[in-house]
Amino acid sequence: MSATDRLLGRDTAGSGVVEEITVAAAQTMLGIFNTINFQVFTTGSGTYTPTAGTKYVIAIGTGGGGGGGGADTDAASGHVATAGGGGAGGTCLAFYSAATIGASKAYSIGAAGTKGSGTNGTTGGTGGDTTFGATLFTATGGAGGVGSGVSSTTTLTKGGGLGGVPTGATINVTGGT
């Protein structure tokens, strides 16, 4: 052994003595991750097109967060109301071969849910789903926080919205509440 950050193996043809191989040489032999390209989409929808020579794609998507609930009271002295926060969108982490992706895949980024109204204390809107490919994955949006309605009590508290439940990815992470 003459150096650190080396692998043991053979990068020459035939049999023989084990050789030290650099990480860069191992990447070249395996044909993966020689170049990493990023494409980031944060709103709207469109088409993902891999760069030339792509072998693998790592796709990460998160659904829109749910809108917070609105709070309202009957305005009597000492009456207080609180509403729940919106749930977080679910997150998908997926690993695909270039063959699975093909020439391109459609995507759509889920928008945040609308806030609940302070008038009458309505529930917040559900966040939008983030999708990749027609069927590859769906990162669902979080549910809206529960609104208070019109509170006529000294204290009224409502719960937060449920987190989105993603599907179809290599790793699916449910959003928090």
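Report follows, based on the coordinates. (Residues numbered from 1 in each chain as written. Predicted model: local features only at pLDDT ≥ 70, side-chain atom pairs only at ≥ 80, totals over all residues. Heavy atoms only, no water.)

**Let's talk about the nonpolar core**
(1) Moving on: Judged by nonpolar contacts, the single largest core of 13 residues is most densely connected at Tyr48, Tyr96, Ile101, Phe132 and Phe137.
(2) Moving on: Elements with a contribution of two residues or more to this core: β4 (56-62), β7 (91-97) and β10 (137-139).
(3) Moving on: Looking at this core, the element that brings in the most residues is β7, giving three residues.
(4) Moving on: Every residue in contact with Tyr48, bar those within four places of it in the chain, is listed here: Gln39, Phe41, Val57, Ile101, Ala103, Ser104, Lys105, Tyr107 and Phe132. (Core = buried A, V, L, I, M, F, W, Y, C linked by side-chain atoms within 4.5 Å. Buried < 20%, exposed > 50% of the residue type's maximum accessible area, 1.4 Å probe, protein only. Helix = DSSP H or I, 4+ residues; strand = E, 2+ residues; numbered from the N terminus. Contact = heavy atoms within 4.5 Å.)

**A few points about the packing of aromatic side chains**
(1) Moving on: Under the defined criterion, the tally for this structure stands at five aromatic pairs.
(2) Moving on: The interplanar angle of 35 degrees and the centroid separation of 5.7 Å between the aromatic rings of Phe132 and Phe137 together place this pair among those described as tilted.
(3) Moving on: Aromatic ring contacts, followed pair by pair, group Tyr48, Tyr96, Phe132 and Phe137 into a single cluster. (Phe/Tyr/Trp six-rings, centres within 6.5 Å; stacked < 30°, edge-to-face > 60°.)

**Quick notes on the side chain of Asp72**
(1) Moving on: Within the secondary structure, Asp72 sits in strand β5 (residues 72-73).
(2) Moving on: This buried residue, Asp72, is left without a salt bridge; Lys158 holds the nearest opposite charge, at 13 Å.
(3) Moving on: Of note is the side chain of Asp72, whose polar atom sits 2.8 Å from the backbone nitrogen of Asn120.
(4) Moving on: Sequence-distant contacts of Asp72, that is, excluding residues within four places in its chain, are made with Ala81, Gly118, Thr119, Asn120, Gly121, Ser148, Gly149, Val150 and Ser151. (Lys, Arg positive; Asp, Glu negative; His and termini not counted. Salt bridge = Lys/Arg side-chain N within 4 Å of Asp/Glu carboxyl O. Polar contact = N/O pair within 3.5 Å; in protein donor to acceptor, adjacent residues only side chain to side chain.)

**Thoughts on the sheet that holds strand β13 (residues 171-173)**
(1) Moving on: If you trace the three strands from one edge of the open sheet to the other, you get β4-β7-β13, paired in antiparallel fashion. The open sheet has two free edges, formed respectively by β4 and β13, since each of these has just one partner strand. The average angle at which neighbouring strand axes cross in this sheet is 10 degrees, direction not considered. (Pairing = 2+ DSSP bridges. Axes fitted to C-alpha atoms, helices over the stretch in contact; angles between N-to-C directions.)

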